Amino acid sequence: MLSRLVLRAAPAALRALPPPVAVGVLHTTRTLHTTQQSLAPVPPLPEKGGEVRHGLIPEEFFQFLYPKTGVTGPYMLGTGLLLYLLSKEIYVVNHETAAAACILTVIVYAIKKFGPDVAAFADKLNEEKMATALAMKNEAVQSLQTAIEDEKKEQWRAEGRSYLFDAKRNNVAMLLEANYRERLLMVYNEVKKRLDYQVAMQTLKRQKEQDHMIQWVERNVVQSITPQQQKESIAKCILDLKALSKSAHAAV
Amino acid sequence: MAGRRAALKAVDWAAFAERVPPNQRAMFNALKTRNDALTARLAALPEKPPAIDWAFYKANVAKAGMVDEFQKKFSALKVPEPVDTQTAKIDAQEKETAESTAEYIQASKARIAQYEQELQKLKSMIPFEQMTYEDLSEAFPETKLNKEKYPYWPHKSIADL
């Protein structure tokens, strides 16, 4: 009788539950599609699912029952339900039950033991994928930035072309100037060479004339010395020498 | 005499050298050496040749009238200035390069705009941890699986795996 009451009360209670709890998975209450404008950008999905106790029952259920029944409420409800199902044979214990018990024990034990390791391994795989994707993205960003830098640098370089043309024009101007000066210098040198040639010719001629004249005079003088004159001059020389020697002796 | 000389514009070789890209270094060096050679040659030549001492020659050269003749012809002589054929070409070149540089800078700016756009897209992307495969296909269209062409998994040619 009491059981029928509970069975009848359950659907009514369920209907009375507020909608957010019925959604179940999300940890926070979130009204979806209630307004015209949906939340954009959509906030990221949560990393972990809603909290559960004993792997089965969501935490919200315990929170829901806490005001009325305190901490032990849900457990009492669970125990009562279980005993009711067993005693009234709504759930019949048969060989399947034993099999289920063993299998579930093993499964729970395995998960408890190896769960974290497997999770870590799976996380590592995911991490690697993320890392490669991130690395590629960073590389792309880097290369784009360097490309922009290089383009700007090339633009700056191209602006320096005025230097090139100034240098070229300078070259041309210098060449012309040098050429002009060389021509002037050449004219000067040629004229000077010719004048100097004239002067040099003249001095040479004069010198030759002088030399010739001197030689001619000498030759004639030597020729004109006759043998008679030669004897006279030698005798005179001897007399002079004697006189000189006498005076020299006297001086000494 | 002063009209012939186009004033030599001072070229800042250091700044010029900075702007030369590495693949044109050799040409720049050749230009510089030529410039230096010309400068040296110009510096070695005197601006005016020394004056000829006519009085001395008049006194010493015996031939009558020769010195006078020379002097007359010398002062009457006009040395022709070398004709400048290249500056016009250089100016034409400069105009050409101005145009082509302007074009290049335009293209370069377009490229920069494109790069900036892509950079913006990459920077404003949501982090990979929060992406779904759909979001990934949106951000990087090349990863989108072609389900029309390859309706069966893995939705791409086996060679691309």
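Residues numbered from 1 in each chain as written. Chains lettered and ligands numbered in written order. Predicted model: local features only at pLDDT ≥ 70, side-chain atom pairs only at ≥ 80, totals over all residues. Heavy atoms only, no water.

In the nomenclature of an unreviewed UniProt entry, chain B is known as ATP synthase subunit d, mitochondrial of Taeniopygia guttata. Turning to chain B, the UniProt annotation filed under Sequence similarities (unreviewed entry) states: "Belongs to the ATPase d subunit family." (UniProt positions renumbered as here; feature names shortened; annotations may be inferred.)

With an unreviewed UniProt entry as reference, chain A is termed ATP synthase subunit b, source organism Taeniopygia guttata. Here is the UniProt Sequence similarities (unreviewed entry) comment for chain A, exactly as written: "Belongs to the eukaryotic ATPase B chain family."

**Student:** Outline unusual backbone geometry, listing residues and values.
**Tutor:** Here the bond from B:Trp153 into B:Pro154 is cis, since omega is 5°, no more than 30 degrees from zero. Mapped onto the secondary structure, B:Pro154 falls in the segment after helix 6 (133-139). A positive phi angle, near 55°, is found at A:Glu89, a position not held by glycine. In this fold, A:Glu89 is placed in the loop between helix 4 (73-87) and helix 5 (95-159). In this model, B:His155 sits at a positive phi of 60°, which is unusual for a non-glycine residue. (Helix = DSSP H or I, 4+ residues; strand = E, 2+ residues; numbered from the N terminus.)

**Student:** Lay out the interface of chain A and chain B in plain terms, naming residues and giving numbers.
**Tutor:** Interfaces are often sized by the accessible area lost when the parts come together. Opposite the 55 residues of chain A that make contact, chain B presents 73 residues. Roughly 6500 Å² is buried in total at the junction of chain A and chain B, and carbon and sulfur atoms are behind 69% of that figure. A per-residue breakdown of the area chain A buries against chain B is headed by A:Tyr163, A:Met174 and A:Arg181, which together make up 11% of the total. For the pair chain A and chain B, the number of links is four salt bridges. Within the residue set of the side of chain A that touches chain B, elements represented by two or more residues are helix 5 and helix 6 (161-224) of chain A. Taken together, the residues that form the side of chain A that touches chain B break down as 29 nonpolar, eight polar and 18 charged. (Contact = heavy atoms within 4.5 Å. Buried area = accessible area lost by both parts, 1.4 Å probe. Salt bridge = Lys/Arg side-chain N within 4 Å of Asp/Glu carboxyl O. Nonpolar A, V, L, I, M, F, W, Y, C, P; charged D, E, K, R; others polar.)

**Student:** Hey, could you go over helix 2 (residues 25-44) of chain B for me, with residue numbers and the actual values?
**Tutor:** For helix 2 of chain B, which comprises 20 residues, the first-to-last C-alpha distance of 29 Å matches the rise-based estimate of 28 Å (1.5 Å per residue) to within 8%. Looking only at helix 2 of chain B, the buried set comprises B:Phe28, B:Leu31, B:Asn35, B:Leu38 and B:Leu42. Buried residues of helix 2 of chain B, seen end-on, are gathered within an arc of 95° and therefore sit on one face of the element. Looking at helix 2 of chain B, the residues exposed on the side facing more than 90 degrees away from the buried face are B:Ala26, B:Thr33 and B:Ala44. Where helix 2 of chain B is buried, its residues contact helix 6 of chain A together with helix 1 (13-19) of chain B. (Expected span 1.5 Å × (residues − 1). Buried < 20%, exposed > 50% of the residue type's maximum accessible area, 1.4 Å probe, protein only. Arc of directions from axis to C-beta.)

**Student:** Could you give me a rundown of the packing of helix 3 (residues 59-69) of chain A against helix 4 of chain A, with the residues and numbers involved?
**Tutor:** Residue and element names in this part refer to chain A. Orientation of helix 3 relative to helix 4, taken along the N-to-C sense of each, is 100°, at an axis distance of 8 Å. Here helix 3 is positioned roughly perpendicular relative to helix 4, judged by the angle of their axes. Across the interface between the two elements, Phe61, Phe62, Leu65 and Thr69 of helix 3 pack against Gly73, Pro74, Tyr75 and Leu77 of helix 4. Looking at side-chain class alone, the contact of helix 3 with helix 4 contains six nonpolar, two polar and no charged residues. (Axes fitted to C-alpha atoms, helices over the stretch in contact; angles between N-to-C directions. Parallel < 35°, antiparallel > 145°, perpendicular 65-115°, else oblique.)

**Student:** Pulling in residues and values, what's your account of the layout of surface pockets?
**Tutor:** Estimated volume of the second largest pocket: approximately 780 Å³. In terms of lining residues, the second largest pocket is bounded by 23 residues, among which B:Thr132, B:Tyr133, B:Leu136, B:Ser137 and B:Thr143 are the most central. When residues of the lining of the second largest pocket are traced back to their parent elements, those giving at least two are helix 5 of chain A together with helix 6 of chain B. With eight residues, the single largest contributor to the lining of the second largest pocket is helix 5 of chain A. In the lining of the second largest pocket, the residues fall into ten nonpolar, five polar and eight charged. (1 Å grid on protein atoms, 1.4 Å probe; cavity = no way out; pocket = protein on both sides within 12 Å on 5 of 7 lines; lining within 4 Å. Points joined across faces, edges and corners; volume = space filled by probe spheres on them.)

**Student:** Can you tell me about a nonpolar patch on the surface, naming the residues and giving the values?
**Tutor:** Residues and elements named next belong to chain A. A cluster of nonpolar side chains, namely Leu56, Ile57, Phe61, Phe64, Leu77 and Leu81, defines an oily patch on the protein surface of about 560 Å² accessible area. Within the secondary structure layout, Leu81 lies in helix 4. Overall, the relative accessible area of 46% leaves Leu81 in the partly exposed class. (Patch = residues over 30% accessible without salt bridge, like charges linked within 9 Å, V, L, I, M, F, W, Y side chains within 5 Å. Areas by Shrake-Rupley, 256 points an atom, 1.4 Å probe, with all protein chains shown as cover.)

**Student:** Hey, could you go over the pattern of salt bridges for me, with residue numbers and the actual values?
**Tutor:** Within this structure, the stated rule accounts for 16 salt bridges over all chains. Here A:Glu59 ties to A:Arg53 by a salt bridge, and the two come within 3.1 Å at their closest N and O atoms. The class of A:Arg53 is partly exposed, set by a relative accessible area of 26%. Salt bridges here are not isolated pairs; linked through shared partners, they connect A:Asp166, A:Arg169, B:Asp91 and B:Glu94.

**Student:** Go over the packing of aromatic side chains, please, and point to the residues and values.
**Tutor:** Centre distance and the angle of the planes are the two values used to describe a pair of aromatic rings. Counted by the stated rule, this structure contains nine aromatic pairs over all chains. Taken together, a centroid distance of 6.0 Å and an interplanar angle of 55° make the contact between B:Trp13 and B:Phe28 tilted. Residue B:Trp13 is found in helix 1, and its partner B:Phe28 is found in helix 2; the two are separated by 15 residues along the sequence. The ring of A:Phe62 has A:Arg53 lying over it, and the distance from NZ or CZ to the ring centre is 4.1 Å. (Phe/Tyr/Trp six-rings, centres within 6.5 Å; stacked < 30°, edge-to-face > 60°. Lys NZ or Arg CZ within 6 Å of the ring centre and 35° of its normal.)

**Student:** I'd like a description of a negative patch on the surface, backed by residues and values.
**Tutor:** There is a patch of like negative charges on the surface, built from A:Glu47, A:Asp123, A:Glu127 and B:Glu129. By the element assignment, A:Asp123 lies in helix 5. (Lys, Arg positive; Asp, Glu negative; His and termini not counted. Charge placed at Lys NZ, Arg CZ, Asp CG, Glu CD.)

**Student:** Tell me about the nonpolar core, residues and numbers included.
**Tutor:** Ranked by internal contacts, the top residues of the largest apolar core, which has 14 residues, are B:Leu122, B:Met125, B:Phe128 and B:Phe140. Those elements that provide at least two residues to this core are helix 5 of chain A together with helix 5 (86-123) of chain B. Ranked by the residues each element gives to this core, the list is headed by helix 5 of chain A, at five residues. When neighbours within four sequence positions are excluded, B:Met125 is seen to be in contact with A:Lys137, B:Met131, B:Ala139 and B:Phe140. (Core = buried A, V, L, I, M, F, W, Y, C linked by side-chain atoms within 4.5 Å.)

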